[in-house]
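A look at the structure
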Amino acid sequence: MLRNLHRIILSKGNCVRKNVRQCSSATKTSLFDFHVQKGGKMVNFGGFMLPVQYADQSISNSHVFTRENASLFDVSHMLQTEIQGKASCEFMETLVTASVKNLPIGSATLTIFTDENGGILDDLIITKVADDHLFVVSNAGRKEHDMGHMKQGQLAFEKKTREKINIRFYDPAERALLALQGPKAAAALQKLTDVNLKSLYFMESVVGPVAGIKGCRISRCGYTGEDGFEISIPAIKSAYIAEEMLRNEEVKLAGLGARDSLRLEAGLCLYGSDISTKTTPVEAALTWLVDKQRREAADFPGAKQILHQIKEKSEIKRVGLVSKEGPPARHDAIIVSSYGKDIGTVTSGCPAPSLGKNIAMGYVPTEISKAGTQVQLKIRGKLYAAEVAKMPFVPAHYYRKK
């Protein structure tokens, strides 16, 4: 989804440096005017107008601020979906690799849609609101696909089981989604809600008021590796709630640029770059997303191929890469072995503000995927030394039960 983000940031011919009206074909979130007023440099991202950064700070400074304080991101472009019906959990299990039925009420899980070949169709978060009610957030870049995939799955499920499933896809004009991320996110949000956030742990979700606005879904999760929240709110109140959050001096706005570098430091995948229909969860080092009970039942799409790879190992594997010299490796840069053979490609890469060096992800043969393995990165025709590294590059700070 963010495959070309750094090209967007750096290109002289894109909407960052052009008048915003030249990107008028893109959808505006409910916070578009708010971003412009705050100095947001707007870009057409996945068909949505979103800020890549703000005039008052660089991407690097915004990144560091998030790691030390709290940043507010507009992620209203994400697809928000409500699924209801007494067989909702069983229905979703026909599409994903998670054990939805076994989720405790009020908790969420990261999972994936897979195809019959084991390829990843999208990654998504499913929250179990009740036994008959699910809340799903998936990627904006896969919006049309995911809507069609769920509707098609619904028809097949209802025909087979005679169980009625109701699916509602929210338009960004109905529901906005804000991500408040960083070590001071909880303290900042607690001032605006009567929900006891000390009792809300990582991957748990609850509905409560935010800044006096009822009907907000607060989920303790995010895309930075830091503690934080994703908050689904009535779109008509999004600017008001954002302004209330920014009254706190320890909260600043952040855009797509910092979001990308933060998630890469956290070792998190981007659909369309690090994972796609051409990669399986085993190849992507995401085997943990395939629930153990689902493995035993072998009843999810692509089970035959995925279970074979779990047993026999895949030929390739997603790895982290660190280089201390040369420019950062970007998408499609070639990974070269220590003896000069092309062995893989980079899927994401950027300078890591928290580390002072360049990091990347890519796919290499499994036999040379061990951390510490020396490789080279071919960037603009030149070779630069690098090594395979464990991920996340920066330790996660999720708020978990002790």
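Remember, predicted model here, so these are calculated numbers, not experimental data.

The next subject is the state of the cysteines. Using the criterion set out here, one finds zero disulfides in the structure. C216 supplies the cysteine sulfur nearest to C221, a cysteine that is in no disulfide, at a spacing of 15 Å. In this structure C350 is not part of a disulfide, and its nearest cysteine sulfur, from C269, lies 14 Å away. Assessed through its relative accessible area of 1%, C350 is described here as buried.

The next point concerns the sheet that holds strand β5 (residues 79–84). If you trace the five strands from one edge of the open sheet to the other, you get β6-β7-β8-β5-β9, paired in antiparallel fashion. Looking along the sheet, the strands with just one partner apiece sit at the ends: β6 (108–114) and β9 (166–170). Put simply, the sheet's adjacent strands are angled 25° from each other on average, direction ignored. With five bridges connecting them, β5 and β9 associate as antiparallel partners. Looking at the pairing, T81 lines up with F169 of β9.

Moving on, we come to the environment of K278. Here K278 lies in the loop between α8 (256–265) and α9 (292–297). On the accessibility criterion, K278 (76% relative accessible area) is exposed. Between the C-alpha atoms of K278 and N117, which are 161 residues apart in sequence, the distance is 9.1 Å.

Attention now goes to the packing of helix α3 (residues 59–68) against α8. Relative orientation and spacing of two packed helices are given, respectively, by the angle between their axes and the distance between those axes. α8 packs onto α3 with a crossing angle of 55° between their chain directions and a minimal axis gap of 8 Å. Here α3 is positioned oblique relative to α8, judged by the angle of their axes. In terms of crossing hand, the pair formed by α3 and α8 is right-handed. Of the residues in α8, those touching α3 at I59, S62, H63, T66 and R67 are G257, A258, S261, L262 and E265. Each residue belonging to the contact of α3 with α8 can be placed in one class, and the counts come to three nonpolar, five polar and two charged.

Taken as a whole and judged by the stated rule, the model has 13 salt bridges. E93 is paired through a salt bridge with K101; the nearest N and O atoms lie 3.8 Å apart. Judged by relative accessible area, K101 falls into the partly exposed class, the value being 44%. R263 is the salt-bridge partner of D260, the closest N and O atoms lying 3.1 Å from each other. One end of the pair is D260 and the other is R263, both in helix α8 and three residues apart, which spans about a single turn.

Attention now goes to the confidence of the model for the protein. Here the protein averages 94 in pLDDT, while 94% of its residues score no lower than 70. Ignoring residues within four places in sequence, the model shows residues 6–22, a span with pLDDT below 50, making 29 contacts including any to other chains.

Let us look at helix α5 (residues 143–161). Look at α5: 26 Å from first C-alpha to last across 19 residues, which is about the 27 Å you get at 1.5 Å a residue. The set of residues buried in α5 consists of K143, D146, H149, M150, G153, Q154, F157 and E158. The arc enclosing the buried residues of α5, seen along the axis, measures out at 155°, which places them on a common side. Along α5, exposed side chains directed more than 90 degrees from the buried face belong to E144, Q152, L155 and K159. Count one or two residues on from α5 and you reach R162, which has phi positive near 65°.

Here the amide bond leading from M391 into P392 is cis, since omega sits at 5°, within 30 degrees of zero. Mapped onto the secondary structure, P392 falls in the segment after β20 (382–389). Even without a glycine there, the phi angle at A298 is positive, about 50°. Judged by relative accessible area, A298 falls into the partly exposed class, the value being 38%.

Regular strands have side chains that alternate between both faces of the sheet. Most of β5 sits out of view: five of its six residues are buried. Where β5 meets strand β8 (residues 133–138), six bridges bridge the pair, whose relative direction is antiparallel. Paired with L79 across the two strands is S138, which belongs to β8.

Quick look at the nonpolar core now. Core analysis: the biggest nonpolar cluster contains 30 residues, and L189, V210, F229, I231 and I241 have the highest contact counts within it. Take this core: its biggest share by element is four residues, from helix α6 (residues 185–190). Other than its neighbours up to four places away in sequence, I231 contacts A176, L177, L178, L189, V210, C216, R217, I218 and M245. Counting 21 residues, the second-largest nonpolar core is a separate cluster that includes L79, C89, I126 and F169.

Analysis parameters
Residues numbered from 1 in each chain as written. Predicted model: local features only at pLDDT ≥ 70, side-chain atom pairs only at ≥ 80, totals over all residues. Heavy atoms only, no water. Disulfide = S-S within 2.5 Å. Buried < 20%, exposed > 50% of the residue type's maximum accessible area, 1.4 Å probe, protein only. Pairing = 2+ DSSP bridges. Helix = DSSP H or I, 4+ residues; strand = E, 2+ residues; numbered from the N terminus. Axes fitted to C-alpha atoms, helices over the stretch in contact; angles between N-to-C directions. Parallel < 35°, antiparallel > 145°, perpendicular 65-115°, else oblique. Left-handed = near helix turned anticlockwise from the far one by under 90°. Contact = heavy atoms within 4.5 Å. Nonpolar A, V, L, I, M, F, W, Y, C, P; charged D, E, K, R; others polar. Salt bridge = Lys/Arg side-chain N within 4 Å of Asp/Glu carboxyl O. pLDDT = per-residue confidence, 0-100. Expected span 1.5 Å × (residues − 1). Arc of directions from axis to C-beta. Core = buried A, V, L, I, M, F, W, Y, C linked by side-chain atoms within 4.5 Å.

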